[in-house]
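# An overview of the molecular structure
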Amino acid sequence: MGRAPLRPVSTGLAIGPQAPQELLHRALDRAVPKLAGQPVSAALCLFSPTLAQIASEAIRQVMRQLACLRLLVATVPGVITEEGYAIGENACAVLLLAPPFGLSPVTAQVQGQTILSMARLEQCHGAWLQRAPRMGFLGGRGTRFWQNAQPLPGPCEALVEGAASPQAAYSPGIRPLHAPLAVSLQEGNLLLRLERYSALPLLAQNLPFSIREEGRLPLERLLVGELRPGQSSAVPPQWINIRATDLNRSGLWLERSLAADARAFFALRDPQVAERDTRIALGAAQAGQAAPAFAWVFSSVGRDGAFFSGSDRDHALWQEFFPGVPCIGAYGLAELAPIQDENRILRYSKAFYLFSAQTEHR
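Residues numbered from 1 in each chain as written. Predicted model: local features only at pLDDT ≥ 70, side-chain atom pairs only at ≥ 80, totals over all residues. Heavy atoms only, no water.

### Remarks on the pairing of strand β19 (residues 238–246)
The test is simple: Here, any two strands with at least 2 DSSP bridges between them count as paired. Numbering goes from the N terminus for both helices and strands, where a helix is a DSSP run of H or I of at least four residues and a strand is a run of E of at least two.
Note that strand β18 (residues 222–227) and β19 share four bridges and pair antiparallel. Each bridged residue has a counterpart across the sheet, and for L223 the counterpart in β19 is N241. Where β19 and strand β20 (residues 251–254) come together, four bridges link them in antiparallel fashion. Residue pairing across strands places I242 opposite L254, the latter belonging to β20. Count of turn residues in the β19/β20 antiparallel hairpin: four residues, of which S250 carries a positive phi of about 55 degrees.

As structure tokens, then:
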């Protein structure tokens with residue numbers, strides 16, 4: 001029997017109480033042998049948590065060790081590979097690419113290519129957000145980036161070389177509780193009525209029975225979906241957090257006010273719906289192409305094991321649908337996705353991007 005072809009992608013994951021540099025070397029010790037001597041064209045290193053202290057000299061040492069001139073580094077709330085995941089604890093995930101794959105700088109001439117994009121929320125301004133299709137995540141103020149061994153003041157971005165356009169699979173995981181209704185009364189961030197219905201009673205009446213039995217509003221799982229006039233059904237709503245209730249006025253305090261001409265509805269972040277959405281999305285991706293060479297995975301921090309009352313079911317489903325396929329990703333505060341010819345900022349979702357070599361599609 002012939003030997004299986006070498007895969008030009010490998011990952012490594014290290015979790016533990018060690019310093020970031022030690023975790024990096026442990027992750028590389030797992031990733032490098034999988035390439036079986038193939039040259040490393042580019043590498044991505046993700047460290048958790050966001051306050052990890054990364055020394056530039058450690059990055060330079062890795063570049064020398066790998067003989068690699070293209071290395072991207074980020075600190076994130078949590079990391080993901082096909083082997084496992086970690087959020088809120090010391091961990092390092094690495095992705096190594098060999099030819100034909102690589103990572104190249106983003107230039108002004110980029111046309112239509114999907115850009116791997118990592119940024120902090122405050123860096124996600126309009127001009128940057130709308131430039132070319134973007135896939136990636138947004139982090140908080142503690143998130144930091146390096147290109148090679150140089151700290152980046154702005155967003156971190158790259159193009160994936162040698163790959164066909166990625167196949168995307170999105171899992172919203174949010175359950176609408178009623179049909180959209182026109183916004184009829186709000187005072188600043190206080191939502192008082194949707195059409196003729198007072199906001200707080202409307203929410204309470206539409207909660208699933210299992211939630212009503214708990215005797216409290218799980219505000220951490222409840223959202224308002226905002227739809228603008230003429231918005232396509234294929235475009236996800238803007239999700240707005242509910243901050244507090246106003247019992248005296250039967251209203252709800254939101255993180256921001258709704259557009260005056262918007263329609264809105266209440267929704268619930270539901271683990272069962274999330275698992276169903278992921279199963280459907282990955283099933284469609286599996287049916288749509290041969291096994292990918294590798295994948296990026298971007299997840300809301302709200303889609304971790306605690307959300308699923310145990311372990312991250314999205315991750316388990318990746319292992320079920322694409323066993324052994326390398327993936328790397330991050331838990332963040334929001335996800336970037338190109339949907340309907342526009343870059344969208346998603347929340348509480350899981351986004352999978354599956355890459356195959358260009359020659360497989362010629």
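### So, the sheet that holds strand β22 (residues 294–300)
Rules: Helix axes are fitted only over the stretch in contact, all axes being lines through C-alpha atoms; the angle between N-to-C directions runs from 0 to 180 degrees. Here, two residues are considered to be in contact whenever any of their heavy atoms come within 4.5 Å of each other.
Strand order in the open sheet formed by six strands is β5-β4-β23-β22-β26-β13, and the pairing between neighbours is mixed. The open sheet has two edge strands with one neighbour each: β5 (85–87) and β13 (167–171). Recorded for the sheet is a direction-independent mean angle of 15 degrees between the axes of neighbouring strands. Lying on the sheet, helix α6 (residues 271–288) is in contact with β13 and β26 (350–355); it crosses β13 at an angle near 165 degrees. Sitting on the sheet, helix α7 (residues 313–321) is in contact with β4 (78–81), β5, β22, β23 (327–332) and β26, with an inclination near 25 degrees to β26.

### Description of the packing of aromatic side chains
In plain terms, the rule: Note on ring pairs: Phe, Tyr and Trp rings are taken, using the six-membered ring of Trp, and paired if centres are within 6.5 Å. Classes follow the plane angle, with under 30 degrees stacked, over 60 edge-to-face and the rest tilted. Only when the NZ atom of a Lys or the CZ atom of an Arg is both within 6 Å of the ring centre and within 35 degrees of the ring normal do we say a charge sits over the ring.
Under the definition given, this model contains twelve aromatic pairs. Considering the side-chain rings of F307 and F308, the 5.0 Å spacing of their centres and the 75 degrees angle between planes classify their relative orientation as edge-to-face. Site record: aromatic cluster; members linked through ring pairs are F101, F294, W296 and F355. Positioned above the aromatic ring of W128 is the side chain of R134, whose terminal nitrogen or guanidinium carbon lies 3.9 Å from the ring centre.

### Description of the nonpolar core
Test applied: What makes a nonpolar core is a set of buried Ala, Val, Leu, Ile, Met, Phe, Trp, Tyr and Cys residues whose side-chain atoms join them at distances within 4.5 Å. Exposure is judged per residue with a 1.4 Å probe applied to protein chains only, and the accessible area is read against the type maximum: over 50% gives exposed, under 20% gives buried, and values in between give partly exposed.
One finds L46, F294 and W296 to be the most contacted residues of the largest nonpolar core, which totals 38 residues. Here this core gets four residues from one element, more than from any other, and that element is strand β6 (residues 91–97). With sequence-adjacent residues up to four places away left out, F294 is seen in contact with V9, L97, F101, V160, V325, P326, Y353, L354 and F355.

### Considerations on the pattern of salt bridges
Selection criterion: Salt bridges are counted wherever a side-chain nitrogen of Lys or Arg sits within 4 Å of a carboxyl oxygen of Asp or Glu.
If you walk through the whole model with that rule in mind, you get 19 salt bridges. Between R64 and E57 there is a salt bridge; the shortest N-O distance is 2.9 Å. Here R256 ties to E226 by a salt bridge, and the two come within 2.7 Å at their closest N and O atoms. Placement of R256 in the loop between β20 and β21 (263–269) and of E226 in strand β18 is noted, with a sequence separation of 30 residues between them. Judged by relative accessible area, E226 falls into the buried class, the value being 1%.

### Here's the deal with the packing of helix α1 (residues 20–31) against helix α2 (residues 56–66)
To keep it simple, the criterion reads: Angle categories are assigned with fixed cut-offs, so that under 35 degrees is roughly parallel, over 145 is roughly antiparallel, 65 to 115 is roughly perpendicular, and the rest are oblique. Take the far helix as the reference: if the near one is turned anticlockwise from it by less than a right angle, the crossing is left-handed, and if turned clockwise, right-handed.
Between α1 and α2, whose axes approach to 11 Å, the crossing angle comes to 20 degrees. Taken as axis vectors, α1 and α2 run roughly parallel relative to one another. With respect to the hand of their crossing, α1 and α2 are arranged in right-handed fashion. The residues of α2 that touch α1, namely those facing Q21, L24, H25 and L28, are A58, Q61, V62, Q65 and L66.

### Looking at the packing of α6 against α7
This is how the line gets drawn: Following the grouping adopted for this structure description, the nonpolar residues are Ala, Val, Leu, Ile, Met, Phe, Trp, Tyr, Cys and Pro, the charged ones are Asp, Glu, Lys and Arg, and the polar ones are all others, Gly among them.
At a closest axis distance of 10 Å, the pairing of α6 and α7 adopts a crossing angle of 25 degrees. In terms of orientation, α6 lies roughly parallel with respect to α7. Our pair here, α6 against α7, has a crossing hand that is right-handed. Side by side, α6 and α7 meet where A274, E275, T278, R279, L282, G283 and Q286 of the first sit next to R313, D314, L317, W318, E320 and F321 of the second. Of the residues that constitute the contact of α6 with α7, the class distribution is five nonpolar, three polar and five charged.

### So, helix α4 (residues 199–206)
Going by this rule: In this description, one arc is meant: the one made by directions from the helix axis to the C-beta atoms.
For α4, every residue scored as buried is listed here: A199, L200, L202 and L203. Seen from one end, α4 has its buried residues packed into an arc of 165 degrees, which puts them on one side.

### With respect to the environment of Y170
In this structure, Y170 sits in strand β13. Looking at Y170, the relative accessible area reads 24%, which means it is partly exposed. Sequence separation between Y170 and F352 is 182 residues, and the spatial gap between their C-alpha atoms is 6.4 Å. With residues near it in sequence (within four places) discarded, Y170 still touches D277, A281, A337, P338, I339, L346, K350, A351 and Y353.

### Side note on the sheet that holds strand β1 (residues 9–15)
The strands making up a sheet associate through backbone hydrogen bonding, with each pair oriented either parallel or antiparallel. Strand order in the open sheet formed by six strands is β1-β6-β2-β3-β10-β11, with mixed pairing between adjacent strands. Only two strands of the sheet have a single partner each, and these edge strands are β1 and β11 (150–151). By the bridge criterion, two bridges tie strand β10 (residues 145–147) to β11 in an arrangement that is antiparallel. Residue pairing across strands places W146 opposite P151, the latter belonging to β11. Contacts from α1 reach β1, β2 (42–48) and β6 within the one sheet, and its direction differs from that of β1 by about 140 degrees. Set on the sheet, α2 makes contact with β2, β3 (71–75), β6, β10 and β11; between it and β3 the angle comes to about 145 degrees.

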